[in-house]
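Chains, contacts and geometry: an overview
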2 protein chains.
Amino acid sequence: MAEDLKNFFEPRGIAVIGASPKRGSVGYVIVDQLKKRYRRGRIYPVNPKYSEILGLKAYPTILDVPDPVDLAVVAVRADRVPSIVEQIGKRGVKAAIVISGGFSEIGPEGAERERKLLEIARRYGIRIIGPNCIGVLDNTTGIDTFFLPEDRLRRPPLGSISIISQSGAMLSMWVDWMAMKGLGLAKAVSYGNKVDVDDVELLRYLIDDPHTKVILMYIEALKPRRGKEFIEVARSATVKGKPVVVLKGGRSGAGARAAASHTGALASNYEVYRAAFKQAGIIEADTMEEMFDIAKAFTMTRPAEGRRLLILTNAGGEGVIATDFAERYGLEVPVLPEELQQRLRAKMPPHVVVKNPVDLTGDTDDERYRIVLEEVLPENIVDIVIVIAPPHPPAIRGDVINYVAEAHKKYQAPMLAVVTGGYIAEEYSRKFEAAGIPAYPSPERAIRVAAALAYYGEYVKKRGSAKY
Amino acid sequence: MAEDLKNFFEPRGIAVIGASPKRGSVGYVIVDQLKKRYRRGRIYPVNPKYSEILGLKAYPTILDVPDPVDLAVVAVRADRVPSIVEQIGKRGVKAAIVISGGFSEIGPEGAERERKLLEIARRYGIRIIGPNCIGVLDNTTGIDTFFLPEDRLRRPPLGSISIISQSGAMLSMWVDWMAMKGLGLAKAVSYGNKVDVDDVELLRYLIDDPHTKVILMYIEALKPRRGKEFIEVARSATVKGKPVVVLKGGRSGAGARAAASHTGALASNYEVYRAAFKQAGIIEADTMEEMFDIAKAFTMTRPAEGRRLLILTNAGGEGVIATDFAERYGLEVPVLPEELQQRLRAKMPPHVVVKNPVDLTGDTDDERYRIVLEEVLPENIVDIVIVIAPPHPPAIRGDVINYVAEAHKKYQAPMLAVVTGGYIAEEYSRKFEAAGIPAYPSPERAIRVAAALAYYGEYVKKRGSAKY
């Protein structure tokens, strides 16, 4: 089955049915993006009205397209889709991304058309992503059916986060957002009405994708009777060391009603989903912001061995808020042993608070951070380190970034940086991340990520994992 | 009492004791910033070692400073502070901001020094902000004792948000952050050890400040026995139409312990605080992000008359998530009356969902937004409008911003925009805000703000208000 899906991501040739020379149209943007990015094979625009599109030879039908061609992208009017899929079948192409809308989402007439589409696909053994979808953006192979030009929707750099989304619109916004934030994307897929290929199959495929380290999913509802397999597949992700982070739509009664209008999803049994997530070691994100905050951490740092935090700060208030949130999320901020406190006190001015949070105060230099990390971490008494290090204190030169990065390499505990402020803080965050330390603009956000690292670490410990 | 505090914000002359020509030092930055920004009177650097500092005549002691001088800023070593305050008293100056640290925060010796400082101040009738504080940043008069140069800490544009913070470090980071986000600041005060002037008095002062529309407070703990007055003062803010938004530090047991180390605050009775906030109509923010999200809304839009939302979106998934969060925060997303749905259906393509959320779908143009606003708002069936309008759909030209702004002027309901995505989304957000509509990057954040608008609107209705 995973072999089937390969055609969507690594085809040796692509036919674009409904290709168009009209700038800005769906059939234009898809050919244009593929021309810019796809290098594994040839692109065959299909449109009987043209002999050439965007400088590429165009073909009247897919039947006229030469070998090799493993994928058809379909962007024609809905009423023409069934006959087009019939041709795809006759041509022996085994994968189609159907972008076109006008199926079950518009009512009974569309639902009948969708049923017909599926029937033809089954008859010819064609796997379908869609219809009514934005399809696939694969940064590793250059497949890009997102049909918005880059000036309207930027593409992120190549990276190790992959996303499966039941909402195409949200997926495209997130992709645009990742591009701005410099978050690296491997693959992004939105499957629209999911007449055939669904979340579970895509999840299975991404687990085996060597480019993917973290998998994000937006789910309103799985297809009926897919729960058990979903849990099994998600569990196998954990065994392979690939965290799966889910944002669930339709958690409330009113939200489930909205989901039913949106995707026809029967999303009302949220408690069932939660139980499944827990069984499968899936990390549930509460908000879209949190989903990406967690994803970023997993691309840079490790799951935690336990729930004990060291909070190291130069701003007492941020230490207090971090501690409040730690307690809310079931994390501990243990007071450091008296003997260790004494050692730290001997190396610090008297107004530094060495309990935990360790408050280096506003007159700190970089060196105090180094001292605390070097004294505390070898003791193996904390599992996660939160380094609150805004660049504002006058004596801070920036070496704190290297000290944290060195400690992160040397010791087991995952580390998260908190850098609050304006432009200079954003610059510091970028430097932390360039040094391999995920950075967040507030203590609250970092603590939620710490909770995810602890949750996942616990699951991995219990279930066993190949990687961690 | 408010008259006393006036000297901190509108002095007719300022003495800076501990002024220094050493670039980057506290006594240098304060004089430099005042020189750049303060226009109401003269600045008198005080330092016996120099006859001139930063081009200004310097004086050996404050006793030598000519009239008028209403405020002394003290930035000298802790052990010299008591005698300096004695001189301030003899000179007849009635307000001092004591920046210097080395008081109760460092232990018994410092506590004794602090007691002495207060005793002298009382004897001469001097009001003190501090010690161990960053003091006052008043964008309306140019007072600026934040002692970090602007390349390290930017100052926000003039605006209507004022902040009182028990943490100086956090306040300075927030100020820097506001500058980056373009959020306008009126006054910011951090009072350090609050030996004299405290949160309650500052709150009272800001309520009468014509430049302040919203007051933010970071509180770990009030001074003992100030609870009742705090509630009374905060209530009077509501009567004057000035929302007070509080971020509380030390909400958990561990957080309260951290707060005790930070500010000596006895912050353990969070439930008592919560009850007080509720009595006083104070809006409690859960995170620092939320505090500013709420503040922004109150500078631009109105409190809500009730809890009924209209959610208008072009992204079904965002509508679903918004609805989930609405239910979590006790807001309603009522299905539109059948007759109104029919009217909308008659003006929209068949795949548009007109229930609520109204999902205009990815092929929407600006016009569909206008139609929905014009049909729904006159019906007076919703109290808050959430407009989810990312700029990605190809048919969107940007008129949606004007349509929302016009409806915001024409109808009573407050409106919030959600614009998710990258650079183009940020540009759209700025345009929404330029048109008077607060914009947020995710539906979750907008819904939390909507909940604050509803909570505050309910309180105002119950208690009565001069302004709304």
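What this report covers is the structure whose coordinates are included nearby.

Definitions and cut-offs
- Residues numbered from 1 in each chain as written.
- Chains lettered and ligands numbered in written order.
- Predicted model: local features only at pLDDT ≥ 70, side-chain atom pairs only at ≥ 80, totals over all residues.
- Heavy atoms only, no water.
- Helix = DSSP H or I, 4+ residues; strand = E, 2+ residues; numbered from the N terminus.
- Rg over C-alpha atoms; globule rule 2.2 N^0.38 Å.
- Buried < 20%, exposed > 50% of the residue type's maximum accessible area, 1.4 Å probe, protein only.
- Contact = heavy atoms within 4.5 Å.
- Arc of directions from axis to C-beta.
- Expected span 1.5 Å × (residues − 1).
- Polar contact = N/O pair within 3.5 Å; in protein donor to acceptor, adjacent residues only side chain to side chain.
- Buried area = accessible area lost by both parts, 1.4 Å probe.
- Salt bridge = Lys/Arg side-chain N within 4 Å of Asp/Glu carboxyl O.
- Nonpolar A, V, L, I, M, F, W, Y, C, P; charged D, E, K, R; others polar.

**Quick look at the overall build of chain A**
- Within chain A, the secondary structure is distributed over 16 helices and 19 strands.
- Its C-alpha radius of gyration of 25 Å places chain A within 12% of the 23 Å reference for a compact globule of 468 residues.
- Along the first, second and third principal axes, the C-alpha atoms of chain A reach 80 × 45 × 40 Å.
- Here chain A holds 468 residues, and the buried ones make up 63% of them.
- Partitioning the intrachain contacts of chain A with sequence separation of at least 6 by distance along the chain shows that 74% fall at a separation of at least 24.

**Notes on helix H12 (residues 338-346) of chain B**
Residues and elements named next belong to chain B.
- If you check which residues of H12 are buried, you get Leu340, Gln341 and Leu344. Each buried residue of H12 lies within a common arc of 105 degrees when the element is viewed along its axis, so the set occupies one face.
- Against helix H13 (366-376) lie the buried residues of H12.

**Thoughts on helix H10 (residues 288-300) of chain B**
Residue and element names in this part refer to chain B.
- With 13 residues, H10 should cover 18 Å at 1.5 Å per step; its first-to-last C-alpha distance of 19 Å lies within 8% of that length.
- Of all 13 residues in H10, 11 are buried; the element is thus mostly enclosed.
- If you check which residues of H10 are buried, you get Met288, Glu289, Glu290, Met291, Phe292, Asp293, Ile294, Ala295, Lys296, Ala297 and Phe298.

**As for unusual backbone geometry**
- Omega for the peptide link from glycine 130 of chain B to proline 131 of chain B comes to -5 degrees, which places this bond in the cis form.
- At the junction of asparagine 356 of chain B and proline 357 of chain B, the peptide bond is cis and its omega measures out at 0 degrees in the coordinates.
- Relative to the elements of secondary structure, proline 357 of chain B occurs in the loop between H12 and strand S16 (358-359).
- The phi dihedral of asparagine 380 of chain A is positive, around 60 degrees, even though this residue is not glycine.
- Position of asparagine 380 of chain A relative to the elements: it lies in the loop between helix H13 (366-376) and strand S17 (384-388).
- For asparagine 380 of chain A, a relative accessible area of 59% puts it in the exposed group.

**A look at the side chain of glutamate 375 of chain B**
Residue and element names in this part refer to chain B.
- Looking at where glutamate 375 falls in the secondary structure, it is placed in helix H13.
- Of the residues examined, glutamate 375 reaches a relative accessible area of 11% and is grouped as buried.
- In this structure the side chain of glutamate 375 is engaged in a polar contact, spanning 2.7 Å, whose partner is the side chain of lysine 347.
- Once residues within four sequence positions are removed from consideration, glutamate 375 is found in contact with Leu340, Arg343, Leu344 and Lys347.

**A closer look at the interface of chain B and chain A**
- Across the boundary between the two partners, chain B contributes 73 residues, which contact 73 residues of chain A.
- Counting each side, the surface lost to burial between chain B and chain A is near 5,500 Å², with a carbon and sulfur contribution of 60%.
- Our enumeration of links across chain B and chain A arrives at 4 salt bridges.
- One salt bridge in this structure joins glutamate 289 of chain A and arginine 445 of chain B, with 3.1 Å as the shortest N-O distance.
- Connecting chain B to chain A are 32 residue pairs in polar contact (both at pLDDT 80 or more).
- Secondary-structure elements contributing two or more residues to the side of chain B that touches chain A are helix H5 (168-181), strand S13 (244-248), helix H8 (253-263), H10, helix H11 (316-328), helix H15 (423-434) and helix H16 (443-463) of chain B.
- Split by residue class, the side of chain B that touches chain A holds 32 nonpolar, 20 polar and 21 charged.

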